[in-house]
Amino acid sequence: MNLFSRVYYKIKMKYLLIIFFPIVLLSSCLSTMVHVNTIYTNGLPIDTINLVSTMMGPVWQPVFPLLDAAGFNPKTNRLADQIMDEEQKILSVYQEKLMTSFNKMLPAVTISGKDFTSEKAEKYRIKEGVQVENKNFPVVFFSEGDLNVLDLEKAKNINAIFKENEQIKLRISTLASALNVKTILVSYNRLSVISVGSFGITGNLRLESYLFLYSFKGDLLLDATGFTKPTTITGDNINQYKQQLDQFDQLVGLFNQELVKYIK
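The following paragraphs examine the structure supplied in this document.

Analysis parameters
Residues numbered from 1 in each chain as written. Predicted model: local features only at pLDDT ≥ 70, side-chain atom pairs only at ≥ 80, totals over all residues. Heavy atoms only, no water. Patch = residues over 30% accessible without salt bridge, like charges linked within 9 Å, V, L, I, M, F, W, Y side chains within 5 Å. Areas by Shrake-Rupley, 256 points an atom, 1.4 Å probe, with all protein chains shown as cover. Salt bridge = Lys/Arg side-chain N within 4 Å of Asp/Glu carboxyl O. Helix = DSSP H or I, 4+ residues; strand = E, 2+ residues; numbered from the N terminus. Core = buried A, V, L, I, M, F, W, Y, C linked by side-chain atoms within 4.5 Å. Buried < 20%, exposed > 50% of the residue type's maximum accessible area, 1.4 Å probe, protein only. Phe/Tyr/Trp six-rings, centres within 6.5 Å; stacked < 30°, edge-to-face > 60°. Lys NZ or Arg CZ within 6 Å of the ring centre and 35° of its normal. Pairing = 2+ DSSP bridges.

What follows is about a nonpolar patch on the surface. Together, Val63, Phe64 and Leu66 make up a nonpolar patch on the protein surface, roughly 350 Å² of accessible area in all. With respect to the helices and strands, the residue valine 63 is situated in the loop between strand E2 (48-56) and helix H2 (66-78).

Attention now goes to the nonpolar core. Residues Leu222, Tyr241 and Leu259 are the most contacted members of the largest nonpolar core, which totals 46 residues. Per-element tally for this core: the top contributor is helix H3 (residues 80-105), with nine residues. With 32 residues, the next largest nonpolar core counts Val52, Ala121, Val149 and Val181 among its residues.

The next point concerns the packing of aromatic side chains. Summed over all chains, the structure comprises five aromatic pairs. Taking 3.9 Å as the distance between ring centres and 10° as the angle between the ring planes, the aromatic pair formed by tyrosine 94 and phenylalanine 248 counts as stacked. Placement of the pair is tyrosine 94 in helix H3 and phenylalanine 248 in helix H8 (residues 248-259), with a sequence separation of 154 residues. For the pair formed by tyrosine 94 and phenylalanine 248, the shared burial category is buried. Judged by centre distance (6.4 Å) and plane angle (10°), the ring pair of tyrosine 210 and phenylalanine 212 falls under stacked. Taken individually, tyrosine 210 and phenylalanine 212 each receive the classification buried, so the pair is uniform in this respect. Put simply, the rings of Phe162, Tyr188, Tyr210, Phe212 and Phe227 pair up and form one aromatic cluster. One cation-aromatic arrangement involves arginine 206 over phenylalanine 227; the distance from NZ or CZ to the ring centre is 3.6 Å.

Now for the pattern of salt bridges. Where charged atoms from two side chains of opposite charge approach closely, those side chains can pair. Applying the stated criterion to the full structure yields nine salt bridges. The salt bridge partner of arginine 190 is glutamate 208, with a shortest N-O separation of 2.9 Å. Residue arginine 190 is found in strand E6 (residues 183-196), and its partner glutamate 208 is found in strand E7 (residues 203-215); the two are separated by 18 residues along the sequence. By relative accessible area, arginine 190 is classed as buried at 8%. Connected via shared salt-bridge partners are Arg190, Arg206 and Glu208.

Bringing the pairing of strand E8 (residues 220-227) into the picture now. Extensive coverage of E8 is indicated by the burial of seven of its eight residues. The pairing of E7 with E8 spans seven bridges and is classified as antiparallel. Looking at the pairing, glutamate 208 lines up with phenylalanine 227 of E8. The turn linking E7 back onto E8 is made up of four residues, and glycine 218 within it adopts a positive phi angle of 95°.

So far we have only geometry, and geometry alone does not tell us how the molecule works.
What follows is the structure in structure tokens.
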């Protein structure tokens, strides 16, 4: 190797370390976690959990840094159809895992939207999904037999959809009255690219899962947030996204560990 080649090699390796080290470091520092937020610290006396909706929202994609995001996001977008196919296929599995696990670990019976068969319930029945304002991921998918009462709008701001929306109390209370139930549980899930490396060569991907438990009056009794440990991906291989979708079991286990502290 001549002098020019050695200098070029050293510069190249230094450049690669600058690109990959920060994003790998971020990935290694984060882990799978679940957090519960509620004012009812002494426990909620609930006998039936009505899991009316299990949803999969659009992939969250970063906007900044502009150059890096512009380099990475198109790779995800080119796989959009494949990613949505995988998300739609796995969603009923998510619902079943939540119900099976909750029924085993929590002191309450959990039922799904498809267990409601009245004429009033049919008004809220959703077949596969609803269209949202997202160019590359234009559908929020629902599990088979689910009910929907929410205005998902742009399906980007989780808090705006499920917590800060002024209409949410009325929407939930109307559904609870129609179903004659005391609680409503909604599960919202999505893949999220939480960061990108220099020039978009790599990105950090995780699975996010949100649970929102409402009273029959539409008050938010409890919300739980779960994140899987991010994986560093190149973004151009569908298996990298499938790997994160398959991590839902870890979140379900952690949800149970936390929810059992609050549901009595």
